[in-house]
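# Coordinates in review
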Amino acid sequence: MPEVLKAPLVVEFPFTRSLGPVQSAFLTGLRERVVFGVRTGDGRVLVPPVEYDPVTSEELSELVEVAATGTVTTWAWNHEPRRGQPLDRPFAWVLVRLDGADTALLHALDAPGGPDSVHTGMRVRVRWAAERSGGITDLACFEPHDDGISELTGSDGRFEDLVTGIVVPARLDYTYSPGRAQTAYIQALAERRVVGERCPSCRKVYVPPRGACPTCGVATSERVEVGPRGTVTTYCIVNIKAKNLDIEVPYVYAHIALDGADLALHGRIGGIPYDQVRMGLRVEPVWADGGGHPDHYRPTGEPDADYETYKELV
Amino acid sequence: MQRPAPRSAPGPLRDIAVVAFAQTDHRRTSDELSEVEMLMPVLHQVLAQTGLKTSDIGFTCSGSTDYLAGRAFSFTMALDGVGAWPPISESHVEMDGAWALYEAWTKLLTGDADTALVYAYGKSSPGSIRDVLTRQLDPYYVAPLWPDSVALAALQAQALIDAGDTDEPALAAVATRSRTAATDNSHAQLRGSVPRGEYAVRPLRTGDCPPIGDGAAAVILAAGERARELCERPAWIRGIDHRIEAHGLGVRDLTDSPSTRLAAERAGLFERPVDTAELHAPFSSQEVVLRKALRLGDGVDVNPSGGALAANPVMAAGLIRIGEAADRIRRGHSDRALAHATSGPCLQQNLVAVLEGDPR
């Protein structure tokens, strides 16, 4: 069996989120170099602040400034920073309870002294990012600090130009492999052939094959070449031009039952005016240069197929 | 059937049991197989154990996640493996299959179905699981820092060490015991002697971390007499419950797991001792937390399968704990067993099931 195909797959998007009043105040505060918590009904101060009390679910809104100094409540030494993490040299992950807060905030601790210089209970302070825009990374990291509790700024949390949303880029890298059945399908396409797989139980030929018969729930393995000609079973006329699509509208998008297949696949119909495409039209693939799926299907000139021959596939 | 002694939680409306369980051999990569190709043999095995066909199953529920595959609605492709035409009654949870089993259990409780097929699968090999799991974190304050799953577990481990609940040699002993137990488990990925290794994120060493791998599992549930027809010694689910804690890590006491304890209480765990516990503790330090929360004594056989330290196919590892516990009962090696599943960072969400065989 030929080697299974693999290709890089990158999932990347700007994760855009709106903020509620409490998160907005907190992240605006970070931009202005001041840290806010939120006070709960029983007087605890939660940092980072949340909009609802995790114990009582009561809505919270009373902002309280806390110090930019605090105490490490637990830590872990990260000797190999990964992409996106706050520091690109070895650092400690820390949970820090800021002075005036009752809960701890997760962040990085820059500890040039290495893991032996870090311990639970150690005193740290915020190191602000040089450029701040209203995000958790405005707090660049923590750094060791033995000099008492930092003074409060006295801010009441009312800022002009509140941060109301964040955009956080997310990227994950994968190596995609389509598995055995789809690899065989793609490799056949490169030779301008279309192959399906026959179900050993119901004998239907599935194309494109995915390795399983969705009716019987059993593995399909017998490879069957289908087409190249086929019959239009149904179609629609597309009147809206998709972004970056180099095809003039209107065009026809159709389901095509390739000869020998028990399932229609889809493709574009070309070589015929859009308003002359019909159910039963006999078509054949027009291959693009460089392999892959057919660019489109065009009429063969044969008489239309009788409805009885493809009605099960509509 | 003799019911257990009076219980604090109300008993289920119907008796429901695990009657079959199957799993793949869990491997570092399975890139020659698509998800459905990996899953299908397991579905066939679990059906063969009961003699049921897919068309006989009353309800089907699965657990998986798009973030492992890097594709939206990835679970729909796996549906080909269960024969979803003609239409079946089906549902999916974007969680470990243990939660799919919970949904199936509630479906059987309603009386709408007498049998259920539950399956779960995960291929961690296409991506970087440490990075992928950061996407389940709070998107405002935590995810932008990309703290990976090992780092968060390490914070919890250090908290346990500071509290005097464990130390590095004790953690290593957990890992060694688990992987030694897995010697008898042909499906496990890491078996026998595994070095403690270097620090992954201190204080956790590579030996304290689960293997990264691909795998799938499936379970069949049946209600009442149907369970007896399908299985000689059904593993009755006497109670099952799941609970969640605040997502803020700094709000929680990382050395404890009150959600596990509450779920266990509601599942009836503390009414009578269990002889077996299958704990979903991907990191050695998490077993320390769970043993404490569940008040497990030395007499309990913990993770005779090797647990998640021996094989951790993400999204299936929790369902496997239920399946392994049920298999111990079905084979007569256990009379009352606990199964636990977790999800989220540092044991944020926890499910506990109590399984029993008929009195002998």
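- Within an unreviewed UniProt entry, the label attached to chain B reads Thiolase domain-containing protein, and the organism entered is Streptomyces ortus.

- Chain A is annotated in an unreviewed UniProt entry as OB-fold domain-containing protein from Streptomyces ortus.

### Some thoughts on the overall build of chain A
- In terms of helices and strands, chain A carries three helices and 18 strands.
- Once the C-alpha set of chain A is aligned to its principal axes, its extents read approximately 90 × 45 × 40 Å.
- Looking at chain A as a whole, 46% of its 314 residues are labelled buried.
- Accessible surface for chain A amounts to roughly 15800 Å². Of this, 49% is attributable to carbon and sulfur atoms.
- Mean positive and mean negative side-chain charge positions of chain A (32 and 43 charges, respectively) differ by 6 Å.

### Examining helix H6 (residues 149-162) of chain B
- With 14 residues, H6 of chain B extends 20 Å between its outermost C-alpha atoms, agreeing within 8% with the 20 Å of an ideal straight helix rising 1.5 Å per residue.
- Buried residues of H6 of chain B: Ser149, Val150, Ala151, Leu152, Ala153, Ala154, Leu155, Gln156, Ala157, Gln158, Ala159 and Leu160 of chain B, and no others.

### Here's the deal with the environment of alanine 7 of chain A
Residues and elements named next belong to chain A.
- On the secondary structure map, alanine 7 appears in strand E1 (residues 7-18).
- Put simply, alanine 7 and threonine 175 are 168 residues apart on the chain and 5.6 Å apart in space, counted from C-alpha to C-alpha.
- If near-sequence neighbours (up to four positions away) are discounted, alanine 7 is found in contact with Tyr174, Thr175 and Tyr176.

### Focus: the UniProt feature "domain: ChsH2 C-terminal OB-fold" (unreviewed entry) in chain A
All names here are of chain A.
- The sites that carry the UniProt feature "domain: ChsH2 C-terminal OB-fold" (unreviewed entry) are, in the present numbering, residues 64-128 and 224-287.
- Across residues 64-128, helical content stands at 0% and strand content at 49%; the span's end C-alpha atoms are separated by 19 Å.
- Structurally, residues 224-287 comprises 0% helix and 48% strand, and the distance from its first C-alpha atom to its last is 20 Å.

### Quick look at the packing of helix H4 (residues 97-109) of chain B against helix H11 (residues 317-330) of chain B
Residue and element names in this part refer to chain B.
- Where H4 contacts H11, the axes come no closer than 6 Å and their chain directions differ by 60°. Relative to H11, H4 is oriented oblique. In this structure, H4 uses Gly97, Ala98 and Leu101 to contact H11, whose residues at the interface are Gly318, Leu319 and Ile322.
- Class assignment of the residues belonging to the contact of H4 with H11 gives a composition of four nonpolar, two polar and no charged.

### A look at the sheet that holds strand E9 (residues 276-278) of chain B
All names here are of chain B.
- The strand order E3-E2-E4-E7-E1-E8-E12-E11-E9-E10 describes an open sheet built from ten strands, whose pairing is mixed. Both edges of this open sheet fall to strand E3 (90-93) and strand E10 (301-302), since each of them pairs with a single strand only.
- Relative to strand E4 (residues 115-123), strand E2 (residues 59-63) runs parallel, the two sharing five bridges. Looking across to E4, one finds that threonine 60 is bridged to leucine 117.
- Strands in contact with helix H1 (residues 35-50) are strand E1 (16-23), E4 and strand E7 (214-223); relative to E7, the strand with the most contacts, it is inclined by about 30°.
- Seen against the sheet, helix H9 (residues 258-266) touches strand E8 (235-244), strand E11 (336-343) and strand E12 (349-356) and runs at an angle of roughly 145° to E8.

### Notes on the pattern of salt bridges
- Applying the stated criterion across every chain yields a total of 59 salt bridges over all chains.
- Residue arginine 193 of chain A pairs with glutamate 225 of chain A through a salt bridge whose shortest N-O separation is 3.2 Å. Of the two residues, arginine 193 of chain A is situated in the loop between helix H2 (179-190) and strand E11 (194-198) and glutamate 225 of chain A in strand E13 (residues 222-226); the sequence distance between them amounts to 32 residues.
- A relative accessible area of 28% means that arginine 193 of chain A is categorised as partly exposed.
- The partner of aspartate 15 of chain B in a salt bridge is arginine 238 of chain B, and the shortest N-O contact between them spans 3.8 Å. In this pair, aspartate 15 of chain B is assigned in the segment before E1 and arginine 238 of chain B in strand E8, connecting sequence segments 223 residues apart.
- Taking relative accessible area as the criterion, aspartate 15 of chain B reaches 21% and is therefore assigned partly exposed.
- Among the ionic contacts, a cluster of salt bridges with common partners joins Arg229, Asp259, Arg282, Glu284, Arg298 and Glu302 of chain A.

### Observations concerning the sheet that holds E11 of chain A
All names here are of chain A.
- In spatial order, the strands read E12-E11-E13; together these three strands make up an open sheet with antiparallel pairing. The open sheet has two free edges, formed respectively by strand E12 (205-206) and E13, since each of these has just one partner strand.
- Examined bridge by bridge, E11 and E12 share two bridges and lie antiparallel to one another. Within E12, the residue paired with glutamate 197 across the bridge is tyrosine 206.
- Relative to E11, H2 is tilted by about 150°, and along the sheet it contacts E11 and E13.

### Focus on the pairing of E7 of chain B
All names here are of chain B.
- Within E7, ten of the ten residues are buried, which leaves the element mostly enclosed by the surrounding structure.
- Residues Asp214, Ala216, Ala218, Ile220 and Ala222 point to one face of E7 and Gly215, Ala217, Val219, Leu221 and Ala223 to the other, with burial holding for every one of them.
- Here seven bridges tie E1 to E7, and the two strands are oriented antiparallel to one another. Counterpart to alanine 20 in the pairing with E7 is isoleucine 220.
- Note that E4 and E7 share nine bridges and pair antiparallel.

Calculation notes
Residue numbering note: each chain is counted from 1, following its sequence as written. Going through the entries in the order they are written, you letter the chains from A and number the ligands from 1. Only residues with pLDDT of 70 or above have their local features reported here, since the model is predicted, and side-chain atom pairs are shown and tallied only from 80 upward, although totals for entire chains, interfaces and linings are computed over all residues. Side-chain metrics in this entry use all non-hydrogen atoms of the structure; hydrogen atoms and water are not considered. Only runs of H or I of at least four residues qualify as helices and only runs of E of at least two qualify as strands under DSSP, and these elements are numbered from the N terminus. A simple rule labels every residue: compare its accessible area, found with a 1.4 Å probe on the protein chains alone, to the largest value its type can have, and call it buried under 20%, exposed over 50%, or partly exposed in between. Each accessible area is a Shrake-Rupley estimate made with a 1.4 Å probe; only the visible protein chains count as cover when residues are assessed. Here the positive residues are Lys and Arg and the negative ones are Asp and Glu; neither His nor the chain ends is included. Where a charge lies is defined by one atom per residue type, namely NZ (Lys), CZ (Arg), CG (Asp) and CD (Glu). One less than the number of residues in a helix, times 1.5 Å, gives the span that helix is expected to have. We call two residues contacting when some pair of their heavy atoms lies within 4.5 Å. UniProt positions are given in the numbering used here, feature names are shortened, and annotations may be inferred rather than shown by experiment. Axis angles are defined between N-to-C directions and span 0 to 180 degrees, where every axis is a line fitted to C-alpha atoms and, for a helix, only to the segment in contact. Any angle between 65 and 115 degrees counts as roughly perpendicular, while under 35 counts as roughly parallel, over 145 as roughly antiparallel, and the rest as oblique. Under the scheme applied here, ten amino acids are nonpolar (Ala, Val, Leu, Ile, Met, Phe, Trp, Tyr, Cys and Pro), four are charged (Asp, Glu, Lys and Arg), and all others, including Gly, are polar. For two strands to be treated as a pair, DSSP must find no fewer than two bridges joining them. Salt bridges are defined as contacts in which a side-chain nitrogen from Lys or Arg sits within 4 Å of a carboxyl oxygen from Asp or Glu.

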